[in-house]
Each structure stands twice: as structure tokens, then as C-alpha cells.
Amino acid sequence: MISKIDICNMALAQLGQEPLASLTQDDERARRCHLFYEPVKKEVLRTHNWAFANAFTSLSLLADDGAPDWPYMYAYPQDCLFLRRVFAKEHRQHGGGAAFKEAFNADLHARVIFCGLSKAQAEYTRDITDEAQFDPAFVKAFSLALAADLAVTLTGDNTLAQQVLQKYTLALQEARRSNMSERFDVRAGRSAFVEAR
């Protein structure tokens, strides 16, 4: 089962660095991995509509007296990293979506979603906090992205950083291709989607 330290050690191996025993050890590599891990993970999750990170939810209505173009205001899903589409329930399986707008509401001090649907649902990429849910192809791409971000700070080698970045680009393309195949299987009946609560 893959873990956070496994992914960090995969990234370090790409840079010719010794593996870590713990992310809390008193070591510059551990500190850098801890610093970069979450931002890089979220960035790679946002790059594609990954089947394992895909979620559906009914949006929570906050107000229904907005502007004519955007009469309904909804809460932004708490674990949402990238809002893919907003739709009416009957369009869930058909890929149709309604126009929507994301904004920051100063009164609520929170992100909100505006749209013209009275009972809106959303499809989005969720943040994954359990590495065991990661797809193996995503793990490879993510570890290379992490290595690319760590390369200069840990090695000072710009050439190595560029080489790892190229590896990441290729791995990401391959991961996206395999994920698209999986998504077609999902539509045929093998569901990998998560119903958000």
C-alpha cells in the first residue's frame, strides 16, 4: 500500500538522494518534502479529471435572491479542488452542464458558486488525503512532479530539474491516457466515482 513517505522517497530517488525513514526527522530533505508535498499533490490532482478523485454532490443552497443571471448561490464543496461542472440532476450521466460562476463572498468569508439552477448538483475533483486511493499511474506522475519541484533546492542542479520535469510531462500524459480508458469503463458500468456527503 502506497504512503506519503513512499511517494517522497520515489521523488528523492529520482534526484539520487537517500531515502527518508520519516518525514519528521531532522533533515533538510524531510523538511522540503513536507513543505512541497501538499501543494504539488493538489496541483497534479487539478491537472486532469482523475477517475479516482472524481466526485458528485448536491450543492447546498445559500440564497435564491441574487442577480437575474445568477439567482442561486451555493456553498462551495468543502473538499473540492477543481469544479468541473454544475448541472441539473437529469443531466448527471449525459455530461451536460449549466453556466456557473465561482466567487468569494465577503459576508460569508467563503467561496461560493452562482448559477441559474434551483436544485444544482456538481461534479468536481476532490482532495484526496488517503494515498491508498491514488491510482498507480497518478503516483508515478505525482512523485516526478514532486521531484521536479525539489530538484533545485536539494541538488542545485538545473539540468537535473529539467530532465525530471520532462519525465513528469511524459508520465502525466500516460497517466491521463490510462485514466481516460478507465473512465470509459466506468461509463460501461464499473463505477469509480464517489458520492460526496
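Above this text you will find the structure in question.
Just so we're clear, the structure is a prediction, and the values are computed from it rather than from any experiment.

K.L.:
Explanation requested: the side chain of Arg126 in the structure shown.
P.N.:
Position of Arg126 among the secondary structure elements: in strand β7 (residues 121-126). Buried within the structure, Arg126 lacks any salt-bridge partner; its nearest side chain of opposite charge belongs to Asp79, at an N-O separation of 5.3 Å. In terms of polar contacts, Arg126 uses its side chain to reach the backbone carbonyl oxygen of Phe52, at 3.3 Å.

K.L.:
Help me understand the sheet that holds strand β5 (residues 100-105) in this model?
P.N.:
To summarise the sheet geometry, strands pair through backbone hydrogen bonds and adopt either a parallel or an antiparallel arrangement. Strands sit in the order β2-β3-β6-β5 across an open sheet of four strands; the sheet is antiparallel. Each having just a single partner strand, β2 (61-63) and β5 make up the two edges of the open sheet. Averaged over all neighbouring strand pairs, the angle between strand axes comes to 40 degrees, with direction disregarded. Note: β2 against strand β3 (residues 72-75), two bridges, orientation antiparallel. Within β3, the residue paired with Leu61 across the bridge is Tyr74.

K.L.:
What exactly am I supposed to notice about unusual backbone geometry here?
P.N.:
In terms of backbone geometry, most residues other than glycine have negative phi values and most peptide bonds are trans. Despite not being glycine, His109 has its phi angle at roughly 55 degrees, a positive value. Residue placement: His109 occurs in the loop between β5 and β6 (110-115). Using a relative accessible area of 63% as the deciding quantity, one classes His109 as exposed.

Calculation criteria
- Residues numbered from 1 in each chain as written.
- Predicted model: local features only at pLDDT ≥ 70, side-chain atom pairs only at ≥ 80, totals over all residues.
- Heavy atoms only, no water.
- Helix = DSSP H or I, 4+ residues; strand = E, 2+ residues; numbered from the N terminus.
- Buried < 20%, exposed > 50% of the residue type's maximum accessible area, 1.4 Å probe, protein only.
- Lys, Arg positive; Asp, Glu negative; His and termini not counted.
- Salt bridge = Lys/Arg side-chain N within 4 Å of Asp/Glu carboxyl O.
- Polar contact = N/O pair within 3.5 Å; in protein donor to acceptor, adjacent residues only side chain to side chain.
- Pairing = 2+ DSSP bridges.
- Axes fitted to C-alpha atoms, helices over the stretch in contact; angles between N-to-C directions.

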